[in-house]
Amino acid sequence: LYVLNKIDAITIEELDILDRIPHYVPISAKDEWNLDDLLDKMWEYLDLLRIYTKPKGQIPDYNAPIILPAKRNTVEDFCLRIHKSLAQSFKQAIVWGTSVKHNPQKVGKDHKRCPN
């Protein structure tokens, strides 16, 4: 991933030429332009998943997600990321999102989270 800084100092025509470069993100650190796109590209290229937890009876905690590699996307992998004893005593999880047919749905250890 190529990060091209100082796009505030070039013309639109020069930016169009740079647009032909594969795997790049133009930014301006000084003016804080396009930093959100940089962050999105970094998540895409690192192939990571954000898993948000929700304590029973409370709203989801969107400030502190559990980060997992996309290849390790089962509920068991999630449990092991927190602590191995959690995976051993695990019975079921309640999941919301695109990886389940009904929202919410009870799932087992082998349930895989959709990467999108």
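It should be noted that the structure appears before, not after, this text.
Residues numbered from 1 in each chain as written. Predicted model: local features only at pLDDT ≥ 70, side-chain atom pairs only at ≥ 80, totals over all residues. Heavy atoms only, no water.

Caption draft 1: Summary view of the pattern of salt bridges. Per the stated rule, a full pass over the model turns up two salt bridges. Lysine 30 serves as the salt-bridge partner of aspartate 8, at 3.4 Å between the closest nitrogen and oxygen. One end of the pair, aspartate 8, is in the loop between β1 (2–4) and α1 (12–18); the other, lysine 30, is in the loop between β2 (24–26) and α2 (35–46), and 22 residues separate them in sequence. A relative accessible area of 68% places lysine 30 in the exposed class. (Salt bridge = Lys/Arg side-chain N within 4 Å of Asp/Glu carboxyl O. Helix = DSSP H or I, 4+ residues; strand = E, 2+ residues; numbered from the N terminus. Buried < 20%, exposed > 50% of the residue type's maximum accessible area, 1.4 Å probe, protein only.)

Caption draft 2: Fine view of the pairing of strand β3 (residues 48–51). Because side chains alternate across β3, one face comprises the buried residues Leu49 and Ile51, and the other comprises Leu48 and Arg50, none of which is buried. Where β3 and strand β4 (residues 66–69) come together, four bridges link them in antiparallel fashion. Within β4, the position partnered with leucine 48 by the bridge is proline 69. (Pairing = 2+ DSSP bridges.)

Caption draft 3: Representation of α2. Helix length check: α2, at twelve residues, gives a terminal C-alpha distance of 16 Å against a target of 16 Å (1.5 Å per residue), a fit within 8%. One or two steps after α2, the chain reaches aspartate 47, where phi turns positive at roughly 55°. (Expected span 1.5 Å × (residues − 1).)

Caption draft 4: Up close: the packing of aromatic side chains. Using the criterion set out here, one finds one aromatic pair in the structure. The positively charged end of arginine 50 is found above the aromatic ring belonging to tryptophan 43, 3.8 Å away from the centroid. (Phe/Tyr/Trp six-rings, centres within 6.5 Å; stacked < 30°, edge-to-face > 60°. Lys NZ or Arg CZ within 6 Å of the ring centre and 35° of its normal.)

Caption draft 5: A look at a nonpolar patch on the surface. Residues Leu1, Val3, Leu39, Met42, Tyr45 and Leu46 make up a contiguous nonpolar surface patch of about 530 Å² in total accessible area. Broken down by element, the nonpolar patch gets its largest block of residues, four residues, from α2. (Patch = residues over 30% accessible without salt bridge, like charges linked within 9 Å, V, L, I, M, F, W, Y side chains within 5 Å. Areas by Shrake-Rupley, 256 points an atom, 1.4 Å probe, with all protein chains shown as cover.)

Caption draft 6: Region of the structure containing the nonpolar core. Counting residues in each nonpolar core, the largest one holds eight residues, listed as Val75, Cys79, Ala87, Phe90, Ala93, Val95, Val100 and Val107. Counting residues per element, the ones that place at least two in this core are α3 (75–82) and β5 (93–95). Once residues lying within four places of it in the same chain are set aside, the contact partners of phenylalanine 90 are Val75, Cys79, Val107, Gly108 and Lys109. With five residues, the next largest nonpolar core counts Leu49, Ile51, Ala70 and Phe78 among its residues. (Core = buried A, V, L, I, M, F, W, Y, C linked by side-chain atoms within 4.5 Å. Contact = heavy atoms within 4.5 Å.)

Caption draft 7: Inspection of a negative patch on the surface at higher detail. Where like charges cluster on the molecular surface, the negative patch consists of Glu13, Glu14, Asp16 and Asp19. Inspection of the secondary structure assignment puts glutamate 14 in helix α1. (Lys, Arg positive; Asp, Glu negative; His and termini not counted. Charge placed at Lys NZ, Arg CZ, Asp CG, Glu CD.)

Caption draft 8: Highlighting the environment of glutamate 14. Residue glutamate 14 is classed as partly exposed on the basis of its relative accessible area of 39%. In terms of polar contacts, glutamate 14 uses its side chain to reach the backbone amide nitrogen of threonine 11, at 2.9 Å. (Polar contact = N/O pair within 3.5 Å; in protein donor to acceptor, adjacent residues only side chain to side chain.)

Caption draft 9: Molecular detail of the side chain of threonine 74. For threonine 74, the position within the fold is in the loop between β4 and α3. Residue threonine 74 is classed as buried on the basis of its relative accessible area, which comes to 15%. In terms of polar contacts, threonine 74 uses its side chain to reach the side chain of aspartate 77, at 3.0 Å. Not counting the four nearest positions on each side in its chain, threonine 74 is found in contact with Lys109, Asp110, His111 and Lys112.

Caption draft 10: Seen up close, the environment of threonine 53. With respect to the helices and strands, threonine 53 occurs in the loop between β3 and β4. Spatially, the C-alpha atom of threonine 53 lies 7.0 Å from that of proline 65, the residues being twelve residues apart in sequence.

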